[in-house]
Amino acid sequence: MSAKVAAQKFSFPFSSAARLSQEELSQKGCIQVKALSLQDLQQSPSLSSAGSVRHDAPGARLRPDPSQSGMKLSVDGEDQRPATKRQLSSESAARTITVVKKSAVRTEAEEPKPPKPKTHPGQRAAPEKRRRRKDLFASSEVFHRIDSHAIRTGAELKEKCVYDVKAIVQKITKGARNELEKLRAIWVWLCHNIAYDVKGYLGQAERLTAPEEVIAAGCGVCCGYSNLCTEMCREVGIECQEVPGHSKGIGYRQGQSLRNVKSDHLWNAVLLGGQWFLLDACWGAGRVDMEHESFVKRFDDFYFLTDPEEFIYTHFPDEEQWQLLEAPIPLEEFEKRVFKTSAFFNMGLRLIHPPHAHVLTDDGEANVALGYPRPITFTHEITQHQDLLHSGSLEQKDSTSSSCGLLTVSPRSMKLQILPPASGVYDVKVFARPESATTPLTWVCSFTVECPTPRATEEIPENPFLSWGLQPVAGSLGVTGSSQGSKVAEVEDAVFDLVLKTSRPLMALCELVHPTLDQATAKRCLATQIQPDALTCHVLCPLRGFYRLSVFVRDYEKTDVKFQNVANFLLHCKGKTLGPDELFPPNLGSACGPGTRTSEAGLSKFSHTAAVVSTQQGKCNITFHNQRDLELHSVLSRAEDKMAATPLSRHLFCTYTDSKVTVSASLPDAGVFRLGLYARLSPGGDFDPMCDFVLRNSCERPGPPFPCVYSAWGRGCVLFEPRVGLLEPRTWVRFRVRVPGAQRVSVIGETKTDLKMNKSRVWEADVFSGLQPLKLATAAGGAGDMAVLLVFDVKGEEVRHE
């Protein structure tokens, strides 16, 4: 298609367009007639009933068609002045018309009709408030019977090759009880039986305008729809007028001036109950895919009796009265208005900002805000400016690749922050769908953003999950609130904590994305705590710039259900960052800190309720209660490139008395460690992970290891002294220990030293260390074998006990 063809403006709602020359539009045998005002049409019964306007394309004159039974008029294009300057003139009544075919003119005798009171556009038949579409019918569901009959009957008539207007109208309106139902049947039949004539519009075939020709071919351009609608309404006695004007359809260029440009579209106005209403069967039938030069059927009920306040966003009549507005708008306002599709109004969306379609950035930024009455899912598309408004897809998948737009949602509004990466003009399309819908998101409105000077910004990671902040589906997924709003979170000291409130127990997974951060390192930047009523995500930032933090959830007990995205947050780190040694240890579990899992296992009353525990002394004690007397196991680990002088297992010591458990840690050096807690939930079963703690130690002094623990060291055993597992050689060491049920407790080294039990049932004695490891052993009987409880190493002769 040539550039000349592609640039032509035309009035179909969707796609690009073609330019037709004046020569292509001319037809032999057509007689030109001067333009008639709407007042002329209404004052002349013969004209209002027989006149049918043809208005196919820019610059086309309305011409009579001798092949059609009705009289056709040709309008002089020079009389189509801008609506703001056009006035109804008394001279219009003196203008003449030429009848093309006398036999086509219906006389009063052939079809007598009772005289109707003439109501001018915008004139109220009564002082009461103007009725709206919802006042005529609550929803289109009330027309189910009428619609089904019209569609079914239309298919039958088409199969029988019935092309007579009167015969078709009689059949499709059979059973209609009033004018509204008759009109509905006609409009639905038009939308389902007449396709847009793309070849005729492109000049590849002769354009059909006569009603019978349009019906036989099953296609026509905009005037084919409007002419046929007028003819069919006449058959049932409904006052119907064709309304010429401008539309924001095919070929429309956002921001273009329509002044001194001939109008390009025709639609209809009908008189119901003394009041005029608007409708457009051309836009209601579907859309044109100019990329493939084809028509796509897409029934759009919005354009049936559309409220004037909504119709005016896309249709601007030549005659001001046909706006049907109490306060008509000038052409300049129509040009500036934001383009809104039918989906915008069907979803109940409300434009908050900006007031007009063309937006100039302020400090490199522009903002779009929409309100809505019920949960809506949004996405957007930002591209380099294209000349035509209707280009690209009408629908959008559940993702967006635009990294220069930040879309955030709240319970009742959406905000899109636009940060163009370079100077220029950009097209912005907003897509939406009801939260509960599973269909693709639909185009709802468009803007043009002009950016003279872009803001110097860092690269923003792409967000494939539509919007920032909590997703509209968050509530239904169990997330009721967030500690972070939808705005960018400025991260201080390279640490960020996110808390999501939940209405029921959930499982959560988190994802952190930075433009230059590898996946393995990103995993070491996250620690997630899962509690019955909250989800907490601890985030570390090793790099400056923007991060995307995404959270996915599912119900805690529904292990077969997939995780769903519930929130996405944009984090900005522009100050301090953390080195590799300061990140979380690798292999952290999905549940850090006490939470839902530990509660279910009967572990409670934790001394540390957070997942991250910091110490400046290199030591800490974590206590909790083991109500079900589960067999427990703990593990200490860190990054593999860090090796301690003694095994890390020697830096943990567990004490279990009654139902209370104390896990003591003595860390070998500064750094970040993982303390994993496990429990055997069934006899003979495996140890299941309960939770992980992150131990962050800032003490540079090495912490001494604990003694090596053997299986005989069990519940009720308590080590008071010495609390270290590495003793000084050749020195006296005080031993104090409680061993329930013991008859004898001894320390065995180079010599054997028996401990004595005091009044507090604590075994104690001073023991000389010597140079060999010391074994703390116990016996239940006086002469029985002794079981080793603990082994203490001696410096210089250390034996590493695993």
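My aim in this report is to walk through the structure given alongside it, one point at a time. (Residues numbered from 1 in each chain as written. Predicted model: local features only at pLDDT ≥ 70, side-chain atom pairs only at ≥ 80, totals over all residues. Heavy atoms only, no water.)

### Things to note about the overall build of the protein
Along its length, the protein carries 18 helices and 47 strands. Of all 802 residues assigned to the protein, the portion counted as buried reaches 53%. Here the contacts in the protein between residues at least 6 apart in sequence split such that 70% fall between residues at least 24 apart. Here the protein displays about 35,800 Å² of accessible surface, and carbon together with sulfur accounts for 50% of that area. (Helix = DSSP H or I, 4+ residues; strand = E, 2+ residues; numbered from the N terminus. Buried < 20%, exposed > 50% of the residue type's maximum accessible area, 1.4 Å probe, protein only. Contact = heavy atoms within 4.5 Å. Areas by Shrake-Rupley, 256 points an atom, 1.4 Å probe, with all protein chains shown as cover.)

### A few points about the sheet that holds strand β7 (residues 275–279)
Taken together, the four strands give an open sheet; going across it, the order is β7-β6-β5-β10, and neighbouring strands pair in antiparallel fashion. Taken across any chain shown, the strands that pair with only one partner, and hence form the sheet edges, are β7 and β10 (315–317). The mean angle between the axes of side-by-side strands here comes to 45 degrees, regardless of whether they run parallel or antiparallel. As defined by bridge partners, strand β6 (residues 265–272) adjoins β7 across five bridges and the pair is classed as antiparallel. Pairing of L271 across the sheet is with W276, part of β7. Helix α8 (residues 179–193) contacts β6 and β7 of the sheet and is inclined by roughly 160 degrees relative to β6. Helix α11 (residues 222–235) rests against β5 (240–247), β6 and β7 of the sheet, and its axis sits at about 20 degrees to β6. (Pairing = 2+ DSSP bridges. Axes fitted to C-alpha atoms, helices over the stretch in contact; angles between N-to-C directions.)

### Describing α8
Side chains that are three or four residues apart share a direction in an α-helix, a result of its 3.6 residues per turn. Relative to the 21 Å expected for 15 residues at 1.5 Å per residue, α8 spans 21 Å between its end C-alpha atoms, a close match to the ideal helical length. Here α8 lies mainly inside the structure; twelve of its 15 residues are buried. Every buried residue of α8 is listed here: L180, E181, L183, R184, A185, I186, W187, V188, W189, L190, C191 and N193. A distance of 3.2 Å separates the backbone nitrogen of L180 from a side-chain oxygen at the start of α8, and that oxygen is part of N178. (Expected span 1.5 Å × (residues − 1). Polar contact = N/O pair within 3.5 Å; in protein donor to acceptor, adjacent residues only side chain to side chain.)

### Considerations on the nonpolar core
With 104 residues, the main nonpolar core has M232, V270 and F378 as its most contacted residues. With nine residues, the top contributor of residues to this core is α8. Lining this core are residues from two domains, each supplying at least three of them: domain 1 (133–333) and domain 2 (347–385 + 403–451). Sequence-distant contacts of M232, that is, excluding residues within four places in its chain, are made with V165, I168, V169, I172, I186, W189 and L190. (Core = buried A, V, L, I, M, F, W, Y, C linked by side-chain atoms within 4.5 Å. Domains from an automatic or database assignment.)

### What to know about the packing of aromatic side chains
One pass over the structure, following the stated rule, counts 22 aromatic pairs. Taking the centre distance of 6.2 Å and the plane angle of 40 degrees together, the rings of F606 and F693 count as tilted. Of the two residues, F606 is situated in the loop between β30 (603–604) and β31 (612–615) and F693 in strand β37 (residues 687–697); the sequence distance between them amounts to 87 residues. F693 matches F606 in its accessibility class, with the two residues each being buried. Through a chain of ring-to-ring contacts, the aromatic side chains of W283, F302, Y303, Y313, F344 and F345 assemble into a single cluster. The ring of Y313 has R337 lying over it, and the distance from NZ or CZ to the ring centre is 4.7 Å. (Phe/Tyr/Trp six-rings, centres within 6.5 Å; stacked < 30°, edge-to-face > 60°. Lys NZ or Arg CZ within 6 Å of the ring centre and 35° of its normal.)

### Brief notes about the packing of helix α6 (residues 144–159) against α8
The geometry of α6 relative to α8 is characterised by a closest axis approach of 9 Å and an angle of 45 degrees between their N-to-C directions. Accordingly, the angle class assigned to the pair α6 and α8 is oblique. Read as a crossing pair, α6 and α8 show a hand that is right-handed. Touching R145, I146, D147, A150, I151, G154 and A155 of α6 are E181, R184, A185, V188, W189, H192 and N193, all from α8. (Parallel < 35°, antiparallel > 145°, perpendicular 65-115°, else oblique. Left-handed = near helix turned anticlockwise from the far one by under 90°.)

### Focus: the side chain of E764
Its location among the elements puts E764 in strand β45 (residues 763–768). Polar contacts involving the side chain of E764 include one to the side chain of R734, which spans 3.1 Å. If we skip the residues at most four places from it in the chain, E764 touches R734, F735, R736, L755, K756 and N758.

### Observations concerning the pairing of strand β41 (residues 732–738)
In summary, the side chains of a regular strand alternate between the two faces of the sheet. Burial of the side chains of β41 is restricted to one face: V733, F735 and V737 are buried, whereas none of W732, R734, R736 and R738 on the reverse face is. Where β41 lies against β45, six bridges are found, and the strand directions are antiparallel. Its bridge partner being in β45, W732 is matched across the sheet by F768.

### Let's talk about the side chain of R554
Position of R554 relative to the elements: it lies in strand β28 (residues 545–555). We note that R554 is buried and unpaired, the nearest opposite charge coming from D560 at a distance of 7.2 Å. A polar contact of 3.1 Å, which involves the side chain of R554, links it to the backbone oxygen of Y556. The residues touching R554, leaving out its near neighbours within four places in the chain, are L506, M507, T559, V561, K562 and F563. (Lys, Arg positive; Asp, Glu negative; His and termini not counted. Salt bridge = Lys/Arg side-chain N within 4 Å of Asp/Glu carboxyl O.)

### What to know about the sheet that holds β37
A sheet is described by the order of its strands in space; here four strands give the open sequence β31-β37-β36-β33, paired in mixed fashion. Because the sheet does not close on itself, it has two edges, and the strands there are β31 and β33 (631–637). Within the sheet, the average angular offset between the axes of one strand and its neighbour, ignoring direction, is 25 degrees. In the sheet, strand β36 (residues 671–680) pairs with β37 via ten bridges, with the strands oriented antiparallel. Bridge pairing links R674 to V694 in β37.

### Considerations on the environment of Y225
Here Y225 lies in helix α11. Separated by 30 residues in sequence, Y225 and A195 place their C-alpha atoms 9.3 Å apart. Dropping the residues within four chain positions of it, Y225 is found in contact with L190, I194, A195, Y196, G220, N268, A281, C282, A285 and F295. Among the polar contacts made by the side chain of Y225, one reaches the main-chain carbonyl oxygen of I194 at a distance of 2.7 Å.

### Quick notes on the pattern of salt bridges
Working definition: two side chains of opposite charge can pair if their charged atoms are close together. For the structure shown, the criterion picks out 25 salt bridges. In this structure, the salt-bridge partner of D629 is R715, at a minimum N-O distance of 2.8 Å. Here R715 lies in the loop between β38 (708–709) and β39 (718–721) and D629 lies in the loop between β32 (619–626) and β33, a separation of 86 residues in the sequence. Overall, the relative accessible area of 43% leaves D629 in the partly exposed class. One continuous salt-bridge network, built from bridges that share partners, spans E721, R734, R736, E764 and D766.

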